[in-house]
Structure formats: C-alpha cells, structure tokens
Amino acid sequence: MIQIIPKGLVANFKKELQETFTKYSSTSIKEVSEQSIKKVVDQAVRVWCYIYEKQRIQSSMSSQPFSYCVNIPAYEMNQKFRSAVPEFLPILKFRYTYFIDILEKYGYIEKNNSYSNLYNYTKSYRVCVEKMVDYEFYNQPKIYRMKEDWIREYPESKSLIENHYYSDLDIDGALKYIESMKGIGYKGRVVDDIRIFRWRRELYNIKQKHFWFSKSASGRFYSTYTNLPAPLRKFITFENKNLKTLDLKNAQPLFLAHLIKHDSMIEACKNGVFYEKILQNIPNLSRVKLKELIYKTILFDPKEIRMDLDFVKLVDRIFPEMIQKINEFKREKKVWLELQKIESSIFIDSMKKVQFPYLTCHDSISVAPAYLQEATTKLKKELEKRGYECVIDID
C-alpha cells in the first residue's frame, strides 16, 4: 500500500529509533534487520496517517482545512495502536505516545492539552500544513478495511460499494490536472500545496482500491469518491471509459420548494434558474458565494432565518413569502434532514436494483457512456413519481 507522507518523516523516525536503541541497548542497531525496524516505522507512519485522516474528515467542509485541532481520546489511540514490544529491544514498549512525541518534536503535528483532565484524558492534534508541501512515498502493509468489511457494515448499499471497486482511475491525467490547478481559485479558495497534497493522497487511495464509506441518518452516502472535487471525479472510469454525470440542477432548492409549496420558487427551480434570479440583483456576487450564502443562512442553519439581514430581505423580495414559509417549516422539522432524505431516496434507494454500474455524489449520478440513456430514463422516472420537473445537466 503506497502512502503519501510528509518528506523526511521516515528518516526522522529512524534517527530517533537509533537514539532510543543506543540509550537502552549495548549492541549496535546495525545488527538489527531492516524488517524489524520497518515494523516500528510502519506503526509511526500509521499514527501520522490516522491523525491526518481524522482531521481531514473533520475539516472537509471548512473554508480553512487543517486550521483546527481534532480531539482523539487516549483510549481510542491505545486501542488503535496497541503497545508493541520489538524483538530487538524487548525492554521497551512502544506506546503511541512515543510516536506522538517524535511527530511533535519534528513539527509534523501540534499537540493541544487543553481538553485533558483527570477523568477524561483527551488530547487534540493538528497536522502542520507547512510540512505537507514536500512529500515522499512510503510502502506500508495494507491495513485498511476491505470490500467485504464495508458490505457487512452497509449491506443495503452492496451494489454501490461494489461499483467503487469495479471503477478505475486515470491517475496520470488526474495528477497532471491538479498540478495545473495550483494557484487557481476553486470553490472560493486558491488551490495551494495543502489542497494538492490532500487530493494527491485521495487519488492514490482510489487507485489502490482503498475506499472509505459512511452513511448519515438521512441516508446520504459518503465515500472517497464523493470527497473528490468535481473536476477530479472526471478521471474515474468504468472499463476505461470516462463517466458521464447526470446532475440535478438546483436540487436542494427544488426539494425545499415542494416541501413548503412555494409556486414561484418551484417555477424557478423547474427552469434551473433559482440562483440566477437572485444573482440578477447582486451583480458582484459569484454563483459559488451565493450558494454558500443560501446554504449557510437559509437551507442548513437549524435556527429560524433572520429577517433583518440585507441578503435575506433581498431574497424575500425576489421570492415573496418564501422565507416565512421556510421558518414555519423549521419550527416543525429539520430542513437539511428532510432535503437529504429526499435526495437519498432518489439517488441511493431507487438505484439499488439497476442493472448497470454507477457512482453517486449526493444529487448526481455517474455512469459509463453506454448506460447514459438508461440512467437518464431511470432518473426522470423517479423525479416524475415525486412530481418534480427540473433540468438535468449532463457532463
């Protein structure tokens, strides 16, 4: 299993291991086999990777990823990284704290003890982004969950999980593409070395069939695939064919418009111009920023929408009574939960028995070109069953 890790991490661990060996042993570490040393180094790499992945997941929706610490209880670290007693140094137990101390010493992580107390021994960690500019490859034993493990956990999503393992990736094309994106704005942020490092890790994981999956209470399905930015998902293939993606335009506003029974909103979503109608009145705002505002202030904020905000007043003029109806709905139900339930019923539940391979990313579905017509027909049928008229973008 090839891992991408910060440059110098392995060399520094071997240096510290040498010093530890000299301190506790009268013999030379040169007499120890490379295989024995690699077992300890493997554990060190796993500790860094674990903290990195935990923080990546926590910060995936943040505008400043890796800026905040991630809390990991001591019992979790102890369970994940049980103490190892290497045969070449039997007087020592290599607990996870040994590796943490070295990672902190060389600046690969920062440790925050603010949440530690006598009864709840929790520490928080943050990977240091400046160490992720330069990278190296490390060949690590395969320790990740296999397809069968994921199917046991999510048996209702068996076909979708199997489709991930059936897929392939044009990794050369994807790597060239992310290099070309450096310094360019994407989703409101400049593509810097940190984003490139993260995407590169994801790409190598996909190429090696190292997937992760999770499912929310709403039924929304998350995976390594959904975590990729849209331009990189275009390099995923089925049988060496680039995928075609069917994307439901204005999906979340469409679902909400039908829930609150707002006619002018339904009409705008039907024609795929919900965001455009608002943008006509805010010429200096990008569509990306507008969607962020809509999601943050209207769709996914659990609190009632504040009518004193200038942006909300503007939206209310364009779609009269929409805000009032959304607030009434929020008093009874969670808007984001109901929207994701509708989304997953269309793109997850209804697709379980189709006879072609597919991948989903929330309100879109991707298939090989040969199955595009069949997938389009199926999606339209599911939308019609729910009374939805809308625009389907095909890319």
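These numbers were taken from a predicted model, which means no experiment stands behind them. (Residues numbered from 1 in each chain as written. Predicted model: local features only at pLDDT ≥ 70, side-chain atom pairs only at ≥ 80, totals over all residues. Heavy atoms only, no water.)

A. Region of interest: the overall build of the protein. When helices and strands are counted, the protein shows 17 helices and 16 strands. Taken along the three principal axes of its C-alpha coordinates, the protein extends 80 × 50 × 40 Å. Expressed as a percentage of its 395 residues, the buried residues of the protein come to 50%. A separation threshold of at least 6 residues defines the contact pool for the protein, and within that pool the share at least 24 residues apart is 66%. When the accessible surface of the protein is split by element, carbon and sulfur atoms take 51% of a total near 20100 Å². (Helix = DSSP H or I, 4+ residues; strand = E, 2+ residues; numbered from the N terminus. Buried < 20%, exposed > 50% of the residue type's maximum accessible area, 1.4 Å probe, protein only. Contact = heavy atoms within 4.5 Å. Areas by Shrake-Rupley, 256 points an atom, 1.4 Å probe, with all protein chains shown as cover.)

B. View of the nonpolar core. In this structure, W48, F274, I298 and M322 are the most contacted members of the largest nonpolar core, which totals 123 residues. In terms of residue count, helix α2 (residues 34-58) provides more of this core than any other element does, eleven residues in total. Once residues within four sequence positions are removed from consideration, W48 is found in contact with I4, I5, P6, L9, L103, Y108, I109, V127, M132, F197 and R201. (Core = buried A, V, L, I, M, F, W, Y, C linked by side-chain atoms within 4.5 Å.)

C. How the structure looks around the pattern of salt bridges. Counted according to the given criterion, the structure contains 26 salt bridges. Note that K207 is salt-bridged to D168, the shortest N-O span being 3.1 Å. Here the residue K207 occupies a position in helix α8 (residues 193-207), and D168 occupies one in strand β6 (residues 168-169), the gap between them amounting to 39 residues. Note on K207: relative accessible area 34%, which makes it partly exposed. Linking R306 and D308 is a salt bridge whose minimum nitrogen-to-oxygen distance equals 2.9 Å. Its relative accessible area of 47% is what places D308 among the partly exposed residues. Residues joined by salt bridges that share partners form a network here, namely K378, E382, K385 and R386. (Salt bridge = Lys/Arg side-chain N within 4 Å of Asp/Glu carboxyl O.)

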